Amino acid sequence: MRNTTPRAALRRAAGSLAAVGLLAAGSLAPAATAHAAGTAVLHFGGPAETALHPYPASGAPQRTSVAITIDNPYPDVEHGGFEGDYTVTFDLSGIAGVADAVFGKQGAADCAITGTTGVCHGEGLSPGTNPLPELRVSAAEGSEDGDWGTIGITGAADGETFEPFSTRIGVGGPDLVMKQSPLKTELKPGETQPVPLVFSNNGTRAADGILLTLMYTHGIEFTERYQNCEYKGGDATRGVPVWTTALCSVKGSFEAGATYELAEPLTLRATGRAYRDSFVYRVDEGGSGAFDAQRAGARFAPGAKGNVLSLKELPTARSADLTPRDNQQEADFSTANTADFVADGDTARGVRGGRAEANIGFHNEGPAWIANLRSGESVATLDFTVPEGASVTEWPDNCRGVTADGRYRKEQSGAPRYLCEAATAFGEDQYLALHFDMKIAKVVVGASGAVVVRGARPKDPLLPFDPKRENNTASFVLNADDPGDSATGGTGATASGSTDGPTTTGGTAGGSTGDGGATSGGAGATGSAGSTGSTGSASGTGGTGGGLAATGSTALAAATAAAAALLAGGVLYVTTRRRAVRWR
């Protein structure tokens with residue numbers, strides 16, 4: 001029985017996909033932002049309807065949670081934080097004889113039910129979503145399969161306006177349970193395999209139509225698109241498109257107690273860019289409401305004019321299981337592939353007391369894309385050692401200054417070394433472009449700093465997917481020759497210097513040994529004449545970078561935060577054209 005919205009269930013069940021959330025939050029009644037006289041209207045969020053298990057012949061009835069939220073559309077705390085008292089009223093008279101309700105104990109508001117009225121008192125509403133204590137609902141004694149009622153919800157607060165909300169509560173209904181598909185998870189680029197989706201209806205009534213939701217990451221794809229499916233690709237405006245979503249609608253009556261499978265299996269292919277990928281597949285009752293909820297305002301493109309995705313009934317049904325999370329299954333794939341992360345160096349010039357710029361970073365020459373969707377960690381760290389005589393005055397937001405040996409440093413400006421985190425996902429042919437402003441305290445001819453791309457974990461600095469480690473290091477060379485009176489321009493030259501740690505062969509760039517014991521010194525690199533933002537060409541074995549600060553990696557904070565960033569197109573600081581944008 002569906003006791004939550006399809007998108008909300010997708011979000012919960014795939015919460016472990018740190019990206020993945022990669023999935024957006026939403027409901028069958030999504031909140032909208034409205035303004036009246038400069039004040040935003042507060043909206044309630046929650047499921048449009050909830051189905052309950054029928055009242056049992058013996059034992060206690062099974063309760064189902066109805067999660068209601070207050071959505072404050074203001075963008076930030078400074079301008080949108082509401083600090084006053086508010087009251088939310090639940091009119092439960094519409095479910096009398098159909099369902100019984102109690103409030104859960106956890107939540108930011110104090111809630112109680114008297115007769116057929118529930119009241120919640122709270123203080124303060126932050127911008128965004130504010131959850132109320134869950135309403136726990138069960139079928140009432142004497143109720144029958146097919147009974148329905150409505151709960152009305154209103155709110156009040158000084159100076160604020162609430163949009164009323166209602167949610168339907170019913171007894172009985174379909175309970176769709178997706179079976180886990182027997183998929184091969186160790187793949188090779190170009191390899192295909194069938195995907196035979198199977199599900200059962202273990203509820204009390206037939207499902208009126210079926211909605212299949214298929215979500216798959218950047219490295220895998222289905223070989224065919226269908227006429228009765230709509231497709232949405234990931235947002236690539238700020239980085240790699242992580243997910244593609246297909247919504248497939250199948251008409252018909254899908255009976256209680258029956259099991260169904262695709263008439264013809266889907267065919268899944270590992271592309272040439274595959275490395276670590278995920279596939280989420282879900283079944284819900286169809287209809288325009290479910291379809292609109294899954295769209296959640298996003299633009300989907302129609303499928304091909306060819307085949308229609310269809311289902312057929314199997315002769316036997318699975319045993320009863322009324323757990324809603326069984327509507328969805330997931331699979332993770334590992335493809336035998338590699339990616340080549342290449343460090344990008346630079347050259348610059350400046351006079352004593354003047355300023356210089358460093359435009360450095362790294363790029364992925366593929367063929368694979370790299371993503372840490374489960375862990376939420378960044379795919380790599382860019383380790384930049386500042387050349388002698390220069391002091392950094394401005395640096396990107398995703399970078400932090402550390403000591404020369406990679407330890408914690410409170411003062412961020414003027415640090416001898418900076419560690420910069422990349423995003424959770426990084427596409428083939430993508431660039432991480434970083435911009436540093438520096439002040440020249442002393443002119444040191446041929447001063448060189450190392451630019452190293454390495455693993456995000458200090459104790460595991462190697463990039464396991466990258467066999468070409470010689471180009472993981474480049475140099476930033478400052479004043480390759482005497483700059484004279486000019487602060488910019490000049491000709492690039494091979495970097496030279498000395499190492500504080502173990503000797504780095506193949507180049508003469510300076511370096512230092514980090515806390516983890518690995519050398520962050522770079523191979524010698526030749527910069528283009530007078531350029532800012534030219535790619536350094538590493539010619540030596542290079543280093544793998546020193547340790548991060550003692551406080552540990554600054555990897556992205558997993559599940560929810562990663563889900564929101566990815567869905568917002570938030571593959572941070574990645575550009576499709578190198579150095580098209582500067583971050584300060």
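Each value, and the rule that gives it
Every residue gets a number counted from 1 within its own chain, in the order that chain's sequence is written. At least 70 in pLDDT is required for a residue's local features to be given in this predicted model, at least 80 for side-chain atom pairs to be given and counted, and no such filter applies to totals for whole chains, interfaces and linings, which use all residues. With hydrogens and water excluded, all non-hydrogen atoms of the structure serve as input to the side-chain values. We define the nonpolar core as a collection of buried residues of types Ala, Val, Leu, Ile, Met, Phe, Trp, Tyr and Cys that are connected through side-chain atoms lying within 4.5 Å of one another. Accessibility here uses a 1.4 Å probe with only protein chains present; expressed as a share of the type maximum, an area under 20% marks a residue as buried, one over 50% as exposed, and anything in between as partly exposed. Only DSSP runs of H or I covering at least 4 residues are called helices, and only runs of E covering at least 2 are called strands; the numbering of each starts at the N terminus. By the convention used here, strands pair only if DSSP detects at least 2 bridges between them. For every element, the axis is a line fit to its C-alpha atoms; helices are fit only across the contacting stretch, and the angle between N-to-C directions ranges from 0 to 180 degrees. Note on definitions: salt bridges are taken to be side-chain nitrogens of Lys or Arg within 4 Å of carboxyl oxygens of Asp or Glu. The predictor rates its confidence in each residue with pLDDT, a number between 0 and 100. Whether two residues touch is decided by their heavy atoms; if any such pair falls within 4.5 Å, the residues are in contact.

K.L.:
Tell me about the nonpolar core, and please be specific about residues and values.
P.N.:
Ranked by size, the top nonpolar core spans 36 residues in total, and within it Phe341, Ile360, Phe362, Leu382, Phe384, Phe436 and Phe476 carry the most contacts. Only strand 30 (339–344), strand 32 (355–367), strand 34 (381–385), strand 35 (390–394), strand 37 (417–421), strand 39 (431–440), strand 40 (447–454) and strand 41 (473–478) provide two or more residues apiece to this core. It is strand 39 that provides the largest number of residues to this core, a total of five residues.

K.L.:
How would you summarise the sheet that holds strand 18 (residues 192–195) if you had to cite specific residues and measurements?
P.N.:
Strand order in the open sheet made by the three strands is 18-25-21, with antiparallel pairing throughout. If you trace the sheet from one side to the other, it starts and ends with strand 18 and strand 21 (220–222), each paired once. Taken pair by pair, the neighbouring strands of this sheet meet at an average axis angle of 30 degrees, ignoring direction. Across four bridges, strand 18 lies against strand 25 (residues 266–270) in antiparallel orientation. Bridged to Thr192 within strand 25 is Arg269.

K.L.:
An account of the pattern of salt bridges is requested, with residue identities and associated values reported.
P.N.:
Under the definition given, this model contains 14 salt bridges. The closest approach of N and O atoms between Lys312 and Glu261, which form a salt bridge, is 3.5 Å. Pair noted here: Lys312 is in strand 28 (residues 311–314) and Glu261 is in strand 24 (residues 259–262), with a separation of 51 residues, a long-range link. Note that Arg374 is salt-bridged to Glu330, the shortest N-O span being 3.0 Å. Here the residue Arg374 occupies a position in the loop between strand 33 (370–371) and strand 34, and Glu330 occupies one in strand 29 (residues 328–335), the gap between them amounting to 44 residues. Among the residues examined, Arg374 registers a relative accessible area of 32% and is labelled partly exposed. Residues participating in the shared-partner salt-bridge network are Glu330, Asp332 and Arg374.

K.L.:
How would you summarise the sheet that holds strand 41 if you had to cite specific residues and measurements?
P.N.:
In space, the six strands of this open sheet follow the order 31-41-40-34-37-36, with mixed pairing throughout. The open sheet has two free edges, formed respectively by strand 31 (346–348) and strand 36 (399–402), since each of these has just one partner strand. Within the sheet, the average angular offset between the axes of one strand and its neighbour, ignoring direction, is 20 degrees. Note that strand 31 and strand 41 share three bridges and pair parallel.

K.L.:
Outline the confidence of the model for the protein chain, listing residues and values.
P.N.:
Confidence in the prediction for the protein chain averages 76 pLDDT; 69% of positions are at 70 or higher. Every residue in residues 1–38 scores below 50 in pLDDT, and together they form 118 contacts with partners more than four places removed in sequence or on other chains. Under a pLDDT of 50 for its full length, residues 317–322 has, in the predicted model, 18 contacts with residues more than four places off or in other chains.

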